[in-house]
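Tertiary structure, described
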Amino acid sequence: MSMNSVTEEIIRGTFRGEEPLEIPVITFRGESDGPEFTVMSGMHAGEYSGILAAQRLINHLRTTGISGTVRVIPVVSTRAFMARNMQLSPVDQREVHFYGPGNADNSYTEFQIDTLYKLLVTSNYVIDMHSGEFAQALHSWIPVPMQGSDDFQRRTLSLALGYPVEHIELRRERESVPALVNHLADDGVANIWAEIGKNGLPNESHIDAHYQGLIAALQTAGNLAGEPQRPSHTFIEGSRRQINADVSGVWHPAVKEGDIVEPGQPLGNITDYFGTVLEEYFAEERALVLYYWTSPAIDHLRRPHGYDWHSGLVSLLTIDEASDTARLDA
Ligand SMILES: [Zn+2]
């Protein structure tokens, strides 16, 4: 087996001369030509299954010849990772996923994204691994942004087809897609983000599902030899509905991730400290529970930079199963 050349680096920068940034990058270059493929994890630094899957991929590529270039960024948000911080940047309390490149002077998070973007934008393919934060019980699924030409959509979707998860979500509304994902698609980088794992737990089956999906995607792109696995999937499309608290208190969820809820079904309630119910929440439409917040602590007024993460209770996808899956499999 031919061997790859390997480069390990820590990309360093400083925002406004005071806040340091470090992004670890390992690059494998094969002896034969092929696409450029970047895999990243740890944007949300408590989502450990993806980070550990990235390390497993690095170990594999140290001993397995590839075609083209594979770059792995195992922890995008190293400041948050080392601080054991959840979801938001510990420097400026922003949500990294919702920012794009081009405003590096504006905030630490935008500086971080701008630096990261330069590492991503030359790629043909990008997979961004997410795994459910400490406070987040997540149903494993793969959202696929369906944008651009038919061929571009087909290449984007092909990245998702090897993941051993039940649901692949086709997402066509740009407003429902994280800013970074839209920027990459606009620049011709076929990209998906994988949502596998829950509650920040480094669970072996979740790590393995991420890893299997990555191997299949690298085989699909032609970086790795071999026939990619193609487990069966249910393709879903719908609208995202996040149920947010309108009172502060103690949250008692009544659903689990992966549940299908029917109109009128209780989603949970919020009590005061003594257990008296302040507010009850119900499903309004038939929907899949993508995730719910397992943290009982709800402060509905805490919205850093307008972001509603701290008042979120349940994240739903209204169900409208894609009818012609045969076309998508083609
Ligand atoms: Zn995430």
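Residues numbered from 1 in each chain as written. Predicted model: local features only at pLDDT ≥ 70, side-chain atom pairs only at ≥ 80, totals over all residues. Heavy atoms only, no water.

The next subject is the domain arrangement of the protein chain. Parsing the protein chain into structural domains produces domain 1 (5-235) and domain 2 (238-325). With centres defined by C-alpha atoms, the gap from domain 1 to domain 2 works out at 26 Å. The partner domain 2 presents 22 residues to the 25 residues of domain 1 that form the contact. In this assembly, domain 1 packs against domain 2 so that about 1,900 Å² is buried in total across both faces, 63% of it on carbon and sulfur atoms. In this structure, the salt-bridge partner of glutamate 257 is lysine 198, at a minimum N-O distance of 2.8 Å. Summed over the shared surface of domain 1 and domain 2, the number is 6 residue pairs in polar contact (both at pLDDT 80 or more). Secondary-structure elements contributing two or more residues to the side of domain 1 that touches domain 2 are strand S6 (136-138), strand S8 (167-171) and strand S10 (234-237). A breakdown of the residues in the side of domain 1 that touches domain 2 according to their chemical character gives 10 nonpolar, 7 polar and 8 charged. (Domains from an automatic or database assignment. Contact = heavy atoms within 4.5 Å. Buried area = accessible area lost by both parts, 1.4 Å probe. Salt bridge = Lys/Arg side-chain N within 4 Å of Asp/Glu carboxyl O. Polar contact = N/O pair within 3.5 Å; in protein donor to acceptor, adjacent residues only side chain to side chain. Helix = DSSP H or I, 4+ residues; strand = E, 2+ residues; numbered from the N terminus. Nonpolar A, V, L, I, M, F, W, Y, C, P; charged D, E, K, R; others polar.)

It is worth spelling out the nonpolar core at this point. Of all hydrophobic cores here, the largest spans 42 residues; its most connected members are Phe37, Leu57, Ile127, Ile142, Val144, Tyr163 and Ile168. No other element matches helix H6 (residues 204-221), which puts 8 residues into this core. Sequence-distant contacts of valine 144, that is, excluding residues within four places in its chain, are made with Thr156, Leu157, Ala160, Ile168, Glu169, Leu170, Arg171 and Ile192. Ile243, Trp251, Trp309 and Val314 belong to the second-largest nonpolar core, a separate cluster that totals 29 residues. (Core = buried A, V, L, I, M, F, W, Y, C linked by side-chain atoms within 4.5 Å. Buried < 20%, exposed > 50% of the residue type's maximum accessible area, 1.4 Å probe, protein only.)

Turning next to the packing of helix H3 (residues 108-120) against helix H5 (residues 179-186). Here H3 crosses H5 at 35 degrees, and the two axes come no closer than 12 Å. Seen from above, H3 lies across H5 with right-handed handedness. Along its contact with H3, which presents Ile113, Leu116, Tyr117 and Leu120, the element H5 presents Leu180, His183 and Leu184. Residues of the contact of H3 with H5, tallied by class, amount to 6 nonpolar, 1 polar and no charged. (Axes fitted to C-alpha atoms, helices over the stretch in contact; angles between N-to-C directions. Left-handed = near helix turned anticlockwise from the far one by under 90°.)

Below, the discussion takes up the packing of helix H1 (residues 48-61) against H6. Interhelical geometry of H1 versus H6 gives an angle of 50 degrees and a closest axis separation of 8 Å. As the angle between them shows, H1 and H6 are arranged oblique. Where H1 crosses over H6, the two elements pack in a sense that is right-handed. Touching Ser49, Gly50, Leu52, Ala53, Arg56, Leu57 and His60 of H1 are Glu204, His206, Ile207, Asp208, His210, Tyr211, Leu214, Ile215 and Leu218, all from H6. A class-by-class count of the residues in the contact of H1 with H6 yields 8 nonpolar, 5 polar and 3 charged. (Parallel < 35°, antiparallel > 145°, perpendicular 65-115°, else oblique.)

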